[in-house]
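Examining the three-dimensional arrangement
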Amino acid sequence: SQQGEEDPQALSIQEGENATMNCSYKTSINNLQWYRQNSGRGLVHLILIRSNEREKHSGRLRVTLDTSKKSSSLLITASRAADTASYFCATQGYSTLTFGKGTMLLVSP
Amino acid sequence: KAGVTQTPRYLIKTRGQQVTLSCSPISGHRSVSWYQQTPGQGLQFLFEYFSETQRNKGNFPGRFSGRQFSNSRSEMNVSTLELGDSALYLCASSPNDRGDSPLHFGNGTRLTVT
C-alpha cells in the first residue's frame with residue numbers, strides 16, 4: 001500500500017511559472033525523497049530530506065518537510081518545458097522505500 | 001560509472017508462461033530493489049536484496065521470486081503469468097541497505113502478458 005499521497009494528481013502550468021506539489025504520509029519516517037519520472041522510463045532521484053531537516057534546496061528545487069503534519073512539498077521555480085514529468089514522493093520508514101502515486105506535471109511553452 | 005541496466009527492455013509473454021528479468025546495479029552498489037509499476041496501483045515494492053540475501057519482501061504472491069548473485073546482479077522471476085502482471089518492472093540499486101541513500105533506477109522492463 002502507498003505510504004505517501006501526492007496532491008494534486010495533475011498540474012498544468014506555463015513556462016516560467018512555479019510548480020508546487022504536496023505529499024502527505026501516515027507513519028513515522030527516517031527520510032523523505034522526491035523522484036522524477038519521464039514517460040515510460042526509470043525514476044531519477046531529486047532530493048532526500050531527513051526527518052530532522054525542515055527545508056532543502058537543490059538548484060531550482062525547494063523541498064520542505066513538516067513532520068508534525070506528516071507532509072512535504074516540492075517547489076520547482078521558473079519551470080521549463082523539460083520539467084514535464086511525473087513527480088513522486090517516497091518515504092523511508094523502518095524498512096522499505098514506499099512511493100506515492102505521483103503528480104503529473106505539464107509545463108507548456 | 002555506468003547506470004543500472006535492465007534487460008530485456010520489452011517482453012511479450014502469454015498467460016501461464018514464466019519470465020525472468022535481469023538487473024545489473026551500479027558498480028559497487030550492493031543493494032538491489034525491485035518495483036512493479038502499473039497505472040492503477042502505482043509503484044509497488046516487490047523485494048530488496050543485499051549481499052545475496054533477501055532483506056524485505058512486498059505483498060506479492062509466491063509466483064514472484066528473485067535472487068541476487070555474488071556480483072550483486074539480480075534477477076526476478078514470475079511464474080504462471082497472469083494478465084494482471086502486465087507492468088513496468090523497475091530495478092534500483094543503492095550502496096547499502098541502511099535506507100539513507102537515494103535509489104538509482106534502471107529504465108525498466110515493460111512486460112506485456114496476453
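Read on for an overview of the structure. Note that this is a predicted model, so its numbers are computed, not measured.

A word on the interface of chain B and chain A
Taken together, the contact between chain B and chain A spans 21 residues of the former and 20 residues of the latter. When chain B packs against chain A, the two sides together hide about 1600 Å² of surface, and 49% of this comes from carbon and sulfur. Summed over the shared surface of chain B and chain A, the result is 0 salt bridges. On the surface where chain B and chain A come into contact, there are 7 residue pairs in polar contact (both at pLDDT 80 or more). Take the side of chain B that touches chain A: its biggest share by element is 4 residues, from strand β5 (residues 42-50) of chain B. Here the residues of the side of chain B that touches chain A are counted per class, giving 8 nonpolar, 10 polar and 3 charged.

What to know about the environment of Ser 33 of chain B
Secondary-structure assignment places Ser 33 of chain B in strand β4 (residues 31-38). Residues Ser 33 of chain B and Phe 50 of chain B, 17 residues apart in the sequence, show an inter-C-alpha distance of 8.8 Å.

Structural notes on the sheet that holds strand β3 (residues 19-24) of chain A
Residues and elements named next belong to chain A. Ordered by their spatial adjacency, 5 strands build an open sheet running β1-β3-β8-β7-β6, and the pairing between neighbours is antiparallel. If you trace the sheet from one side to the other, it starts and ends with β1 (5-7) and β6 (55-58), each paired once. Recorded for the sheet is a direction-independent mean angle of 20° between the axes of neighbouring strands. In this structure, β6 lies alongside strand β7 (residues 61-66), joined through 4 bridges in antiparallel fashion. Residue pairing across strands places His 57 opposite Arg 62, the latter belonging to β7.

Conventions used here
Chains are numbered independently. Their residues run from 1 in the order of the written sequence. Ligands are numbered from 1 and chains lettered from A, in the order in which they are written. Where local features are concerned, this predicted model is filtered to residues with pLDDT of at least 70; where side-chain atom pairs are given and counted, the filter is 80 or more; whole-chain, interface and lining totals use all residues. Calculation of side-chain values draws on the structure's entire complement of heavy atoms; hydrogens and water are dropped beforehand. Contact criterion: two residues are considered in contact whenever any of their non-hydrogen atoms come within 4.5 Å of each other. What counts as buried area is the accessible surface, traced by a 1.4 Å probe, that two parts surrender upon association, with contributions from both included. Each salt bridge in this description consists of a side-chain nitrogen of Lys or Arg and a carboxyl oxygen of Asp or Glu lying within 4 Å of one another. By the criterion applied in these results, polar contacts are pairs of N or O atoms within 3.5 Å in which, for protein atoms, one can donate a hydrogen and the other can accept it, and in which residues neighboring in sequence qualify only through two side-chain atoms. Counting from the N terminus, the helices are the DSSP runs of H or I reaching at least four residues and the strands are the DSSP runs of E reaching at least two. Residues are sorted three ways: Asp, Glu, Lys and Arg are charged, Ala, Val, Leu, Ile, Met, Phe, Trp, Tyr, Cys and Pro are nonpolar, and all the rest, Gly among them, are polar. Only strands joined by at least two bridges in the DSSP assignment are considered to pair. Note on method: axes are straight lines fitted to C-alpha atoms, helices fitted across the in-contact stretch only, with angles between N-to-C directions ranging 0 to 180 degrees.

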